[in-house]
Structures are given as structure tokens and as C-alpha cells.
Amino acid sequence: MLEISNLTHVYGSGPTAHRAIDGLDLSVAEGELLSVVGPSGCGKSTLIRCIAGLIRPTGGEIRIAGTPVRDTPDNLAVVFQDYSRSLFPWMSVADNVALPLRRRNMDKARRRAAAQEALESVGLAAAGKKYPFQLSGGMQQRVAIARALAYRPSLMLMDEPFGSVDAQTREDLEDLVLQVRGHHRMTIVLITHDIDESVYVGDRVVVLSKAPAHVVGDLKVDLPAPRDQITTREHPDFVHLRAEVGRLVRGVEAAAS
Amino acid sequence: MRGRLAGGARRLAGLWLVPVVIAVWEVTTRLLEDTDFPPPSTIVTSMYELWFSGPPSRLFFTDEAIGNILPSLGRMFAGWILAAVIGVLLGVALGRAPVATQYVDPLIQLGRAIPPPLLVSLFALLFREELRTQLATIVFGVIWPVLLNSIEGARSVDPVQVETATVFGLSRRQQLWRIVIPAAAPKIFAGLRLSLSLALILMVIAEVFAGSDGIGYQLREAQREFETPIVWGAIVLLGVLGYLVNSLFVLAESRLLVWHRQATRAT
């Protein structure tokens, strides 16, 4: 589904150049939920922006479903970390969700119906007429997820989507992601700096090095379904995996300092 | 909600000063008995006789009012709207093109520094026609706040909002109308409001120097004929008009930008 080969990106040039990604190889299978973990400032956001076609990498290639990424692919949606900046405050919740559907050549009635359906699937059926500022942070991020779902992408990128909400909301949103990918067949790449989260949500966890980023670890997560915030987290495999991911991330940090 | 009520009450409480000032003004001018400083009651009477003693069928407007106040307001709004359209479109385009702005900025600073009243003579020579001269003066005088604020507003649109719109495949045109202009709207409105009060000033200036009707023209004529109460009356009328127009604009702005006020309050 997603093939990244020898991806390199350098910001600027000369002595002040910042090498964010260096020779990163990664492939994600159709329908897979991949967690990407790495120390902060390791180029995770650069990776997302390269995949989404928002920045053109200085080297390497990204293919989505076989097609090289140029501009922004139309089968891809992004959930940004900062919902307060990615939702448009001048539009109602329903309009925010329906906005991208213009690209899908849907008429107004169908856009509205699709937005309502997406809002229902994230548990916000009654919030359509409200404005983003009238909702809590967790609800706003649900709206951002609903917007991505309504768009029906085959690949959804999530850039530290739960970084700005409290712990309880975070767990709810993690379960929402698991539930959503059960309903919609889509490939998800979730970027996070939270080790537990990467294991709890992912089918696979990839650990990135400090910048310039490359892959230092790639672990399969084989936990019994359905996952549950209490029982999964006390499962011996979970405990083992989170320790292993933790060691890899720590190793990265130790090597860097 | 409570904050808004308290604010409203405070604003109303400030109004007591108005009648006090008028009363002091009335008493002082009556004691002074100087024809250059007529008491407010005399000013209001002459305003009433000149403009507001018409037949009820015309809402009590006299011929003088219809022949002067309406053209003045028409010129002011026409000039302002023209400047707003040009200023917003040009400003938003420039705001999204930082390199172009760097080139154009010195020109803008220069244009803004020219006192617009000086240009009445130039425009009169260029256009040789009253209305165009007046409109050009108003447009040239009021475009700068709209232009500069639109540039600033469009330039400071949150990059995440633009990235979101790009990811979800909004065309450039859709991004302009649905993302950039709404995001820049609070700044654009600040510019429009400033321009509106400038438009009133320039309307009067254009009429005083190059008018054959309008409030500015009447002001000039009254001065020539030593009709002091009418000179004062025109000034009062302009003050009241400025206040009303600004209040209406603020009302419209607060309706249109509810999201902005609420969203900034919430954070």
C-alpha cells in the first residue's frame, strides 16, 4: 500500500542545513495500522508531510498503491496533532467535516449526509450545528477524525493525534481509532511519541532514530483481539513489547546524548 | 455573558456625561453671548430648519437634506466600497505572495504617506469632473488600512489550516474563498472599520474643495455667508453620522465574526 524507499529530506542548504530524514525505508501493507515512534524532533512530522505530498523530499521515493506521490494524493487524509489549528473555526462542525467532500463531486445533500454519518461514527451525532470552539479538545479531535473518515481515504495519516488531550480522553480516542479501522477498511499510519500507545493501537511498531531519521526497529504486535485498555495493557505480550520498544527508543536517546 | 452585560452597563453608565457636557455648553455659550459660539439649542434649531423640517411623507427631510446629505453618504459609501473591494483583493493576493509584497511594500509606504487632501487638486485636473475627482480622493485616502490589514491577515493564516486544505484537495480558488479570506477576516474588518471613518473625513474634504453639493459644500457656503450656526450644525451632523456609521459597522462585524470573538475568548 505504502512504499517508502531511501527517503531523505534536508531543510535548507549550506552549513545551516538540517538533515531531517536520511535513507528511510518503510513499507506498510494494505489494511495495516502502523505505529511510528521516535524521540521528539526526530523528523516524524517531516515524514508525514512527505507522504502527504505537502513537502517534496530531497531524495528517495514514496509510492502509494503503486503511484509515486506528487502533490497531494486524493486517497489520503491527515489528522493533525493540533486540532485547534486544523479545524476551521468559522465553519460549523458539519461544514468542517463536509468541506473536503467537494473533491468527491458530491452534491450538497450527499455531502451533508456523509458528514452526519461520519459524525455519528465518532459519537458526535448531535454536534453538527455547533462550532469547534463549543466543543472540548477531545471532541474537536473526534471532529478531525470524522472529517478524515468522511473523506473515505485508503490511507489515513495521524500525526501525534492525541498529544494535546488528557489521559482519559486519550484512551477513548485510541479505542475510537481501533473501532474505526474495524469498520472502514483503511491503512493507518499513526505517529506518536507515546510507547504504550504505539503498542496498544498498532499492528506493527516502527522505531525511528533521532534526526536524521531512519528505522532502528520494526516489531510485529500480536495481541489478542479485541483490545481493551485494561486487559490488553496487562497482557504479558504487551508488557514485553512495550519494554522492547522502550529499550529501542531509550537506546536511540542514549546514543544521541 | 455576565462580562458582556457588565460591559453594556458600563457603556450606558458613561452616557450621563453627554447631557452634562451639553448643559454646560449651553449655559456657557448663553452667558458668553458671542455669535461665533452659538448655544447648542440654536445649532440644533438651525439644523432642524435646514434639514429636518420637511413633510412627513419624506420622513421630515427637507429638499436641502435630500440634495446634500444623501449625495454625501452616497459618495462616502461608494468610495469606501470601491476601496474595500480593491484593497481586499489586492491585499489578499499580496499577502499570499511574500516576495511580491517585498517589492511592492516601499510603494505602499510611499502612497500611504501622501496626504490625500493634496490630491484633490491633482485628481480635479486629471478627471475634470466632480464625482470622479471626489471618488478618486476618497478611494486613494481610505484604501491603505484595508490593503495593509488584508496583506497582514492573508500572510498570517495558520500554515496548518492551509496544509489541511491542501491535503483535502481544495483548489486554489476554494482555498482563497473558504480558508484564506475567512481566516484573514478579523484583520480585514479592522482595516475596513478604520477606512470607514477615514471615508467620512475625505468625503467632507473632497466636497469642501471640489463640490457643488453635499454636507462639505454646505459647510463651505455657510462659512462664506457667515451663517455660524450652520457651520456648527454641519460639524455636529458629521459627528453624529460618523458615530452612527461606526456603530452599525461594529454591530455587523460582531455578527459576522461571532466565531472569532468566541474562539479567542475560549482559549
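Residues numbered from 1 in each chain as written. Chains lettered and ligands numbered in written order. Predicted model: local features only at pLDDT ≥ 70, side-chain atom pairs only at ≥ 80, totals over all residues. Heavy atoms only, no water.

Peer 1: Mind showing me how you'd approach the overall build of chain B here?
Peer 2: Looking only at helices and strands, one finds 12 helices and 0 strands in chain B. Mapped from its N terminus to its C terminus, chain B presents α and β elements in the order α-α-α-α-α-α-α-α-α-α-α-α. Seen through its C-alpha atoms, chain B measures out along the principal axes to roughly 70 × 55 × 40 Å. Evaluated residue by residue, chain B yields a buried proportion of 41% over its 267 residues. Taken as a whole, chain B presents about 15100 Å² of accessible surface, with 69% of it coming from carbon and sulfur. (Helix = DSSP H or I, 4+ residues; strand = E, 2+ residues; numbered from the N terminus. Buried < 20%, exposed > 50% of the residue type's maximum accessible area, 1.4 Å probe, protein only. Areas by Shrake-Rupley, 256 points an atom, 1.4 Å probe, with all protein chains shown as cover.)

Peer 1: Would you explain the overall build of chain A in this entry?
Peer 2: Within chain A, the secondary structure is distributed over 9 helices and 10 strands. Against the compact-globule benchmark of 18 Å for 257 residues, chain A has a radius of gyration of 18 Å, which places it among compact chains. With the principal axes as the frame, chain A shows a C-alpha extent of 55 × 45 × 30 Å. For chain A, long-range pairs separated by at least 24 residues make up 70% of all intrachain contacts whose partners lie at least 6 apart in sequence. When the accessible area of chain A is evaluated, it comes to approximately 11200 Å², of which 48% is carbon and sulfur surface. Charge centroids of chain A, computed over 30 positive and 31 negative side chains, lie 7 Å from each other. (Rg over C-alpha atoms; globule rule 2.2 N^0.38 Å. Contact = heavy atoms within 4.5 Å. Lys, Arg positive; Asp, Glu negative; His and termini not counted. Charge placed at Lys NZ, Arg CZ, Asp CG, Glu CD.)

Peer 1: Just checking my understanding: could you explain the packing of helix α8 (residues 159-167) of chain B against helix α9 (residues 172-210) of chain B for this structure?
Peer 2: Residue and element names in this part refer to chain B. Remark: α8 packs on α9, axes separated minimally by 11 Å, with the N-to-C direction vectors making an angle of 170°. One finds that α8 runs roughly antiparallel with respect to α9. Classified by chirality, the crossing of α9 by α8 is right-handed. Residues Gln161, Val162, Ala165 and Thr166 of α8 pack against Gln175, Ile179 and Ala183 of α9. Here the contact of α8 with α9 is built from residues that sort into 4 nonpolar, 3 polar and no charged. (Axes fitted to C-alpha atoms, helices over the stretch in contact; angles between N-to-C directions. Parallel < 35°, antiparallel > 145°, perpendicular 65-115°, else oblique. Left-handed = near helix turned anticlockwise from the far one by under 90°. Nonpolar A, V, L, I, M, F, W, Y, C, P; charged D, E, K, R; others polar.)

Peer 1: Any chance you could explain the packing of aromatic side chains here in plain terms?
Peer 2: Any pair of aromatic rings gets described here by the distance separating the centres and the angle formed by the planes. Residue and element names in this part refer to chain B. Evaluation of the coordinates by the stated rule reveals 14 aromatic pairs over all chains. Measuring from ring centre to ring centre gives 6.2 Å for Phe123 and Phe140, while their planes differ by 65°; the resulting arrangement is edge-to-face. You can see Phe123 sitting in helix α6 (residues 119-127) and its partner Phe140 sitting in helix α7 (residues 130-155), a full 17 residues away along the chain. Given the relative accessible area of 11%, Phe123 is considered buried. By relative accessible area, which is 22% here, Phe140 ends up partly exposed. One aromatic cluster in this structure is built from Phe77, Trp80, Phe189 and Phe249. (Phe/Tyr/Trp six-rings, centres within 6.5 Å; stacked < 30°, edge-to-face > 60°.)

Peer 1: Explain the sheet that holds strand β1 (residues 2-11) of chain A to me, please; I cannot follow it from the model alone.
Peer 2: Picture the strands of a sheet paired through backbone hydrogen bonds; they go either parallel or antiparallel. All names here are of chain A. Reading across from one edge, β2-β1-β4-β5 is the order of the 4 strands in this open sheet, with antiparallel pairing throughout. Among the strands making up the open sheet, the edge pair consists of β2 (18-28) and β5 (67-68). In this fold helix α1 (residues 44-51) packs onto β1, β2 and β4 (59-64), with an angle of close to 120° to the strand it touches most, β1. (Pairing = 2+ DSSP bridges.)

Peer 1: When you look at the environment of Ile151 of chain B in this model, what are you seeing that I'm missing?
Peer 2: All names here are of chain B. Here Ile151 lies in helix α7. Remark: the alpha-carbon pair of Ile151 and Ile188, spanning 37 residues in sequence, is separated by 8.7 Å. Discounting residues that sit within four places of it in the chain, Ile151 has contacts with Gly91, Leu94, Gly95, Thr101 and Ile108.

Peer 1: I'm lost on the sheet that holds strand β10 (residues 215-220) of chain A in this one. Help?
Peer 2: Residue and element names in this part refer to chain A. Taken in spatial order, the 6 strands line up as β6-β7-β8-β3-β9-β10 in an open sheet, and their pairing is mixed. Both edges of this open sheet fall to β6 (76-79) and β10, since each of them pairs with a single strand only. This sheet shows a mean twist of 15° between the axes of neighbouring strands, independent of strand direction. Across 4 bridges, the pairing between β6 and strand β7 (residues 155-159) is parallel. Considered in β7, the bridge of Val78 is made with Leu157. On the sheet, helix α5 (residues 137-150) packs against β6 and β7 and is oriented at approximately 175° with respect to β6.

Peer 1: How do you make sense of the pairing of β4 of chain A when you look at a structure like this?
Peer 2: Working note: regular strand, side chains alternate between the two faces of the sheet. Residue and element names in this part refer to chain A. Where β1 and β4 come together, 5 bridges link them in antiparallel fashion. Within β4, the position partnered with Glu3 by the bridge is Arg63. Of the pairings in the sheet, the one linking β4 to β5 comprises 2 bridges and is antiparallel in character. Across the sheet, Arg63 pairs through a bridge with Pro68, a residue of β5.

Peer 1: I'm lost on the interface of chain B and chain A in this one. Help?
Peer 2: Note on interface size: it is often stated as the accessible area lost on association of the parts. Of the residues lining the interface, 21 residues belong to chain B; the matching set on chain A comes to 24 residues. Contact between chain B and chain A buries roughly 2100 Å² in total, counting both sides, with carbon and sulfur atoms accounting for 70%. Joining chain B to chain A, the criterion identifies 2 salt bridges. Elements supplying a minimum of two residues to the side of chain B that touches chain A: α8, α9 and α12 (258-266) of chain B. With 8 residues, α8 of chain B is the single largest residue contributor to the side of chain B that touches chain A. Of the residues belonging to the side of chain B that touches chain A, the class tally is 12 nonpolar, 6 polar and 3 charged. (Buried area = accessible area lost by both parts, 1.4 Å probe. Salt bridge = Lys/Arg side-chain N within 4 Å of Asp/Glu carboxyl O.)

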